[in-house]
Amino acid sequence: MNAQPHKSHGRLIGKLAVMAVAMFAFGVFGMPPLYERFCEITGIGQAGVRVAEKAPLMRAEDRTVKLRFDATTNSALPWQFRPVTQLMDVQVGMPAEAAYEVSNLESREVIGRAVYNVSPPEASLYFVKTECFCFTAQGLDAGEQKVMPLRFYIDPDLPEEIEELTLSYTFFLHESSSTIAQLTPGH
């Protein structure tokens, strides 16, 4: 009588182990492409915005759109962050450039990471960055100020009804253990 429950426990443990491995494999290999596709469709987050290796030759249009720039800093990051220009008319299909200013208010080096959003969400598929400070984490020395360029174009296939876009950035404290230790009191 005792042998059978042990045998069924072994099968259950085996099935659970296989299920755990399958869930891990799905999380590592299956979820990223699904998440990117979801973001492309919905325009949520950074995956919905195309990034160009280099600006392709585009057909320039007489059409221009208004582009608003927005900047915020998460409260855990001791930085000031703002767009140099808050509003710009951008010719569709032509390369454009903007810039943001950032200052580290801390008395030691701090590393931040920017995330962005384009609204309206359907416009995110047509806003193409060729160079952006958001591609990598940004480190600033104590008291350092920096002007960070943004190079982009708006794809000519942008729907006609979209006449204004907003590009919003938020800088967060980069999850680096050395940076977190530096900002924690007593370290």
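Here goes a summary of the coordinates provided. (Residues numbered from 1 in each chain as written. Predicted model: local features only at pLDDT ≥ 70, side-chain atom pairs only at ≥ 80, totals over all residues. Heavy atoms only, no water.)

### Some points on the packing of aromatic side chains
Two numbers describe a pair of aromatic rings. These are the distance of the centres and the angle of the planes. Quick note on the threshold: Side-chain rings of Phe, Tyr and Trp (the six-membered ring for Trp) are treated as a pair once their centres are within 6.5 Å; stacked means planes under 30 degrees apart, edge-to-face means over 60, and tilted covers the remaining angles. Each helix is a run of H or I in the DSSP string that is no shorter than four residues. Each strand is a run of E no shorter than two, and both are numbered from the N terminus. Here's how the labels work: a residue is buried when its accessible area is under 20% of the maximum for its type, exposed when over 50%, partly exposed in between, all with a 1.4 Å probe on protein chains only.
Summed over the entire model, instances satisfying the criterion amount to eleven aromatic pairs. The interplanar angle of 85° and the centroid separation of 4.8 Å between the aromatic rings of Phe 81 and Phe 171 together place this pair among those described as edge-to-face. Here Phe 81, found in strand β2 (residues 79-83), pairs with Phe 171, found in strand β9 (residues 164-173); they are 90 residues apart in sequence, far enough to count as distant. A residue is classified by how much of its surface remains accessible, and Phe 81, at 9% relative accessible area, is buried. Judged by centre distance (4.7 Å) and plane angle (40°), the rings of Phe 133 and Tyr 169 are tilted. Residue Phe 133 is found in the loop between β6 (127-132) and β7 (138-140), and its partner Tyr 169 is found in strand β9; the two are separated by 36 residues along the sequence. Grouping residues by exposure puts Phe 133 and Tyr 169 together as buried.

### Overview of the pattern of salt bridges
In plain terms, the rule: Should a side-chain nitrogen of Lys or Arg be within 4 Å of a carboxyl oxygen of Asp or Glu, the pair is scored as a salt bridge.
As enumerated under the stated definition, the model contains seven salt bridges in all. For Asp 89, the salt bridge identified is with Lys 66, shortest N-O distance 3.2 Å. In this pair, Asp 89 is assigned in strand β3 (residues 87-91) and Lys 66 in strand β1 (residues 64-73), connecting sequence segments 23 residues apart. For the salt bridge of Glu 131 with Arg 151, the shortest nitrogen-to-oxygen distance reads 2.4 Å. Taken as a pair, Glu 131 in strand β6 and Arg 151 in strand β8 (residues 145-154) lie far apart in primary sequence, 20 residues in all.

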